[in-house]
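# Architecture at a glance
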Amino acid sequence: MRVSVAGTGYVGLVTAVTLAEKGHFVTCVDIDEEKIELMRRGICPIYEPGLEELMIRNKEKISYTTDYMAAYKRAEVIIVGVGTPEKKDGSANLKYIYEVARQIAHTVERDCLVVIKSTVPVGTNDKIAQMIKENIKNHVVVDVVSNPEFLSQGTAVKDTLYAKRIVIGVETERAGNVMREMYDRFDIPYVMTDRKSAEMIKYASNDFLALKISYINEIANLCEIVGADIEDVAKGMGMDPRIGDRFLNAGIGYGGSCFPKDTKALHWLASFNDYELKTIKAAIEVNENQKIKLVKKARKYFDHFNGLNVAVLGLTFKPETDDLRDAPSIENIPLLLDDGANVRVWDPAGMENFKKRLPSDIIYCESIEEAITNADVCFIFTEWSEIKKFDIHKYSELMKYPLVIDGRNCYELSSAKEAGIVYDSIGRKRVF
Ligand code: UDX
């Protein structure tokens, strides 16, 4: 099939590359000339394990262009994966998606499908269909399909090639048939429904996971108070298949490009329709508090951070990504700096982006050892495998005072005890 993909962010590029892997001919469209040039040279513009290899392996089947007219004109399917950033009021900003819809309407010269992959509020696909109908230049049939993605950063390629389900929201039989054909070689079960339900499946799924995280974080907070252990509690809960053992890791809250945005967007949509989504409101509030939990914990040990050497391990919102969107580090490091701390950070992928986001007096370190040497306290914000595998004895050897405040429960309490560090983690007893 001839497929064009608008937007080469995580969603667009991963979709494009995996479709090429399954034999389709794909044209990627983006307005960013520099990015397009980079991809033409076989370089992947985002940090995503396995993506560059697939780009290279399928280079005969993928082209990159800024010329949307050429890309859309004869495409059988146009996939839209442009961003829907959050507006100040929590609603999704749809200007990029509407812009693409107008371009498509002005350009297409054959019957085609416009497949919306971006996460959009319920009802947006209908609006896009209406907009295309009103602006269409040529006598062609354009069917709009909602086809949300469920990929996670860091495992995006695997999540797409071996997805648990494909959600397809259509209003015509023809659209359903073309979608079936496009995904035929993926061999993944699908849910075929109407457009609004497909849009809702995406939000309801993401928000459910966010809710699950906020729930386990609250239980972790309570475990700390009553002296229970969240790791055992989560394990015991997760063995019940009705609960499931995934997304039960207590920590310092969810970040990234989806959960914070999608919880606010669904809450906004409900309010807009005079309905209050109480559970999601609570999940958002719990998450906001959880994100600053480590600095709050540290106040038990110090009245202020003025003049203290603070090591920060992990900047990104989760491991295996260089993404800092809504990462706890973005909120916490300015608090530490404002309070006069000398901050030394280490992260295997996020430091370059952090420098752009937060230019200030931070020392960027090449290794964990360098970051913790002579530190009064060490915060762990992201559970990178390098941190988990790090020799825990080195904290007591290298730090001025071996206080490790861990937001991601990277170490066993018994190892911390044996290493002689003061270890304060999430939902577990403190080790002195
Ligand atoms: C998420 C969804 O998983 C994906 O289906 C959707 O399409 C986009 O949003 P992503 O944001 O890449 O993917 O990361 P994910 O692995 O889901 O983690 C999101 C956040 O939740 C991270 O900050 C992570 O640290 C946190 N998290 C996750 C927890 O705190 N505990 C958990 O048990 C799981």
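Residues numbered from 1 in each chain as written. Predicted model: local features only at pLDDT ≥ 70, side-chain atom pairs only at ≥ 80, totals over all residues.

### What to know about the environment of Asp-159
- Turning to its location among the elements, Asp-159 is positioned in helix H7 (residues 156–161).
- For the pair Asp-159 and Ser-118, spaced 41 residues apart in the sequence, the C-alpha separation amounts to 16 Å.
- When neighbours within four sequence positions are excluded, Asp-159 is seen to be in contact with Phe-150, Leu-151 and Ser-152. (Helix = DSSP H or I, 4+ residues; strand = E, 2+ residues; numbered from the N terminus. Contact = placed C-beta atoms within 7 Å.)

### Some words on the site of the ligand
- Around the ligand lies a shell of 20 residues, among which Gln-153, Asn-249, Tyr-254, Gly-256 and Cys-258 are the nearest.
- Among the elements that make up the shell around the ligand, the one with the highest residue count is helix H9 (residues 195–226) (three residues).
- Broken down by class, the residue content of the shell around the ligand amounts to 10 nonpolar, eight polar and two charged.
- Residue assignment places the shell around the ligand across two domains, with domain 1 (2–193) and domain 2 (202–291) each supplying three or more. (Near = placed C-beta within 6 Å. Nonpolar A, V, L, I, M, F, W, Y, C, P; charged D, E, K, R; others polar. Domains from an automatic or database assignment.)

### Details of the domain arrangement of the chain
- Entries for the chain in the domain assignment read domain 1 (2–193), domain 2 (202–291) and domain 3 (293–424).
- For domain 1 versus domain 2, the distance between C-alpha centres works out to 29 Å.
- Every contact between the two is made by 11 residues of domain 1 and, on the other side, 10 residues of domain 2.
- The residue makeup of the side of domain 1 that touches domain 2, split by class, is five nonpolar, four polar and two charged.

### Observations regarding the pairing of strand E7 (residues 166–169)
- Of the two faces of E7, the one carrying Ile-166 and Ile-168 and the one carrying Val-167 and Gly-169 are both buried.
- Here E7 pairs with strand E8 (residues 190–193) via four bridges, running parallel. Of the residues in E8, the one forming a bridge with Gly-169 is Thr-193.
- You can see the chain leave E7, run along helix H8 (residues 173–182) and come back into E8, and the turn it takes is right-handed. (Buried ≥ 20, exposed ≤ 12 C-beta atoms within 10 Å, placed from the backbone. Pairing = 2+ DSSP bridges. Right-handed = clockwise from strand over helix to strand, strands pointing away.)

### Remarks on helix H14 (residues 328–338)
- Of the residues making up H14, those classed as buried are Pro-328, Ser-329, Asn-332, Ile-333 and Leu-336. The buried residues of H14 occupy an angular sector of 105° when the element is viewed end-on, so they sit on one face.
- Its buried side turned inward, H14 meets helix H12 (278–291), helix H13 (293–298), strand E9 (309–313), strand E10 (342–346) and strand E11 (362–364).
- Positive backbone phi, approximately 90°, marks Gly-340, located one or two places after H14. (Arc of directions from axis to C-beta.)

### Thoughts on the packing of helix H11 (residues 259–272) against H12
- Axis separation between H11 and H12 bottoms out at 9 Å; the angle between their running directions is 145°. Crossing of H11 against H12: the hand is left-handed. Across the interface between the two elements, Thr-263, Lys-264, Leu-266 and His-267 from H11 touch Ile-280, Lys-281, Ala-283 and Ile-284 from H12.
- In terms of residue class, the contact of H11 with H12 is built from four nonpolar, two polar and two charged. (Axes fitted to C-alpha atoms, helices over the stretch in contact; angles between N-to-C directions. Left-handed = near helix turned anticlockwise from the far one by under 90°.)

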